[in-house]
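# Tertiary structure, described
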Amino acid sequence: MELISHETVEKKLSGRLSKNKIVKFLFFLCTMIGLVVLAILLFDIIRKGAGYLTPQFFTNFSSTTPEKAGIKGALIGTLWLMMTIAPIAVTLGVATAIYMEEYAKDNAFTRFIKVNIANLASVPSVVFGLLGLTLFVRGAGIESLSLGKSVLAAALTMSLMILPVIIVSSQEAIRAVPNAIREASLGLGGTKWQTITNVVLPASIPGILTGTILALSRAIGETAPLVVIGIPTIFMKTPDSIMDRFQALPMQIFTWAKLPKAEFQFVSSAAIIVLLIMLIAMNSIAIFIRNKYQKKF
C-alpha cells in the first residue's frame, strides 16, 4: 500500500516553489524601491550641496546671507551634544539592562517594568521634548534645578528618548549569552560581578553596540525635542562647557530648509552631507568595535 502519492507531492511542491519565487520577487522589489529612493535622495542632496562645502562653510557662523552662512556653531554644538549623550545613555542603558537580567527577580513587577520600557521606544520624540522642557530646562519649577537651554539639558532629554532602545537591545544581548558560560565562570571561583564584567558583558558587546548604533543615530538627527526645549537656531558662539547654550545641526538644517530664498536649500543640503558624514563615521567606529568582539567570541 502506497502511503505517499508522489504525484500529489510533486503538485504541491510545484505550487510552493511558485509561491516562493513570487514572494522572493516581491521582497526583492520592495528592497530595490527603497534603495532607488535612497539613491535619488542622496544624489539630489550631493548635487545641491557639494558646491557649498568650502572652508568658509565650516568656519562661519549662521547668516541670513546664503553665501556667508556656515555651520561652525552648529557643528561644534552637535559634537558637544553627542559626546554628552553617549556616556549618559550608554551607561544608564547598559546598567539598567544588567540589573534587570542579572539581579532583578522575575516577578510581576519586573515584567511590568520590562513591558513599559519596551513601550517607551515607540513614544513620539516630541513627548520627550516636553518632558525635558519640564524636568531639565525648567527644573520642574525649582529654580536651583533648572539647567536652562544648555548642552546638558538637551543631552539628558535626548538620552531619555533613546534609553528604551539601548535597554531593550542590551537585555536581548545579555539574555543571549549561554548560561553554561556563566556557570563555568562561577564554578572556577569567580563572583557574580566578575562573571558579568569578564564574561557576560564582553560576549554581549556586539548586540549592545547594535542597539547603541541605532539609538545614537536617531539622537543625532532628531529635531523635535530640540525645538520643544528651545535650542536657538542662530547663536554666534560655541559652547565651552556642558552648561552653555549651543546650536545643533538638525535645528540649523530645519531653519535653512524653511527659508524662502532658494539658495538656502543648497546650504541646507551641504549641512545634511556633513551630518551624514558624521553619522557614517560614528557608526563605522561602533561597527568596527562590534566586529572585533564578534571575531573574539
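Residues numbered from 1 in each chain as written. Predicted model: local features only at pLDDT ≥ 70, side-chain atom pairs only at ≥ 80, totals over all residues. Heavy atoms only, no water.

### Observations regarding the overall build of the protein
Within the protein, the regular secondary structure consists of eleven helices and zero strands. Listing every helix and strand of the protein by position from the N terminus yields α-α-α-α-α-α-α-α-α-α-α. Relative to the 2.2 N^0.38 estimate, which gives 19 Å for 297 residues, the radius of gyration of the protein is 25 Å and therefore markedly larger than a compact globule would have. Considered along the principal axes of its C-alpha atoms, the protein spans approximately 90 × 55 × 35 Å. Here the protein, with 297 residues, has 37% of them falling under the buried criterion. Partitioning the intrachain contacts of the protein with sequence separation of at least 6 by distance along the chain shows that 74% fall at a separation of at least 24. Total accessible area computed for the protein in this model is approximately 17,200 Å², and 68% of it derives from carbon and sulfur atoms. Here the protein contributes 27 positively and 15 negatively charged side chains, and the mean placements of these two sets differ by 2 Å. (Helix = DSSP H or I, 4+ residues; strand = E, 2+ residues; numbered from the N terminus. Rg over C-alpha atoms; globule rule 2.2 N^0.38 Å. Buried < 20%, exposed > 50% of the residue type's maximum accessible area, 1.4 Å probe, protein only. Contact = heavy atoms within 4.5 Å. Areas by Shrake-Rupley, 256 points an atom, 1.4 Å probe, with all protein chains shown as cover. Lys, Arg positive; Asp, Glu negative; His and termini not counted. Charge placed at Lys NZ, Arg CZ, Asp CG, Glu CD.)

### What about the nonpolar core?
Phe 57, Ile 71, Ile 85, Ile 162, Leu 226, Leu 249 and Trp 256 are the most contacted members of the largest nonpolar core, which totals 41 residues. Of all elements in the fold, only helix 3 (72-103), helix 5 (125-137), helix 6 (151-175), helix 8 (192-221), helix 9 (224-229), helix 10 (249-257) and helix 11 (263-296) reach the threshold of two or more residues within this core. By residue number, the principal contributor to this core is helix 6, which donates eight residues. If sequence neighbours within four positions are ignored, Ile 71 has contacts with Phe 57, Phe 58, Asn 60, Leu 249, Trp 256, Ala 271 and Val 274. Ile 174, Val 177, Val 200 and Ile 208 belong to the second largest nonpolar core, which has nine residues in total. (Core = buried A, V, L, I, M, F, W, Y, C linked by side-chain atoms within 4.5 Å.)

### Observations concerning the packing of aromatic side chains
Applying the stated criterion to the full structure yields three aromatic pairs. Taken together, a centroid distance of 6.2 Å and an interplanar angle of 15 degrees make the contact between Tyr 52 and Phe 266 stacked. Of this pair, Tyr 52 sits in the loop between helix 1 (6-49) and helix 2 (55-59) while Phe 266 sits in helix 11, and the two are 214 residues apart along the sequence. For the ring pair Phe 57 and Phe 58, a centre distance of 5.7 Å and an interplane angle of 85 degrees mean the geometry is edge-to-face. What makes Phe 57 buried here is its relative accessible area of 2%. Aromatic ring contacts, followed pair by pair, group Phe 57, Phe 58 and Trp 256 into a single cluster. (Phe/Tyr/Trp six-rings, centres within 6.5 Å; stacked < 30°, edge-to-face > 60°.)

### Remarks on the environment of Arg 245
One can find Arg 245 in the loop between helix 9 and helix 10. The sequence separation of Arg 245 and Ile 85 amounts to 160 residues, and the corresponding C-alpha distance is 15 Å. Not counting the four nearest positions on each side in its chain, Arg 245 is found in contact with Lys 149, Ser 150, Pro 232, Phe 235 and Pro 239.

### Some points on the UniProt feature "transmembrane region" (unreviewed entry) in the protein
Listed under "transmembrane region" (unreviewed entry) in the UniProt record, and renumbered for this structure, are residues 22-43, 78-100, 120-139, 151-169 and 266-289. The distance from the first to the last C-alpha atom of residues 120-139 is 22 Å, and the span holds 70% helix and 0% strand. Counting secondary structure, residues 151-169 comes out at 100% helix and 0% strand; the distance between its end C-alpha atoms is 26 Å. (UniProt positions renumbered as here; feature names shortened; annotations may be inferred.)

### A few points about unusual backbone geometry
What you tend to see is this: most non-glycine residues have negative phi, and most peptide bonds are trans. The backbone of Ala 140 sits at a positive phi, close to 55 degrees, despite the residue not being glycine. Inspection of the secondary structure puts Ala 140 in the loop between helix 5 and helix 6.

### Looking at the side chain of Arg 182
In this fold, Arg 182 is placed in helix 7 (residues 179-187). At 2.9 Å, the side chain of Arg 182 forms a polar contact with the backbone oxygen of Ile 174. (Polar contact = N/O pair within 3.5 Å; in protein donor to acceptor, adjacent residues only side chain to side chain.)

### A closer look at the side chain of Ser 63
Mapped onto the fold, Ser 63 is located in the loop between helix 2 and helix 3. A distance of 3.1 Å separates the side chain of Ser 63 from the backbone nitrogen of Thr 65, its partner in a polar contact. Ignoring sequence-local partners within four residues, the contact set of Ser 63 consists of Lys 68, Ala 69, Trp 256 and Phe 264.

### Focus on the packing of helix 3 against helix 10
At a minimum axis distance of 8 Å, the contact between helix 3 and helix 10 shows a crossing angle of 145 degrees. The segment helix 3 lies against helix 10, with Ala 74, Leu 75 and Thr 78 engaging Leu 249, Pro 250 and Gln 252. Classifying every residue of the contact of helix 3 with helix 10 gives four nonpolar, two polar and no charged. (Axes fitted to C-alpha atoms, helices over the stretch in contact; angles between N-to-C directions. Nonpolar A, V, L, I, M, F, W, Y, C, P; charged D, E, K, R; others polar.)

### Points about the pattern of salt bridges
Applying the stated criterion to the full structure yields nine salt bridges. Note that Asp 44 and Lys 48 form a salt bridge whose closest N and O atoms lie 3.4 Å from each other. Of this pair, Asp 44 and Lys 48 are both found in helix 1, four residues apart, which corresponds to roughly one turn of the helix. The class of Lys 48 is partly exposed, set by a relative accessible area of 25%. Taking the shortest distance from any N to any O, the salt bridge between Glu 101 and Lys 114 comes out at 3.7 Å. Of this pair, Glu 101 sits in helix 3 while Lys 114 sits in helix 4 (residues 108-120), and the two are 13 residues apart along the sequence. Through salt bridges with shared partners, a single ionic network connects Glu 101, Lys 114, Glu 172 and Arg 175. (Salt bridge = Lys/Arg side-chain N within 4 Å of Asp/Glu carboxyl O.)

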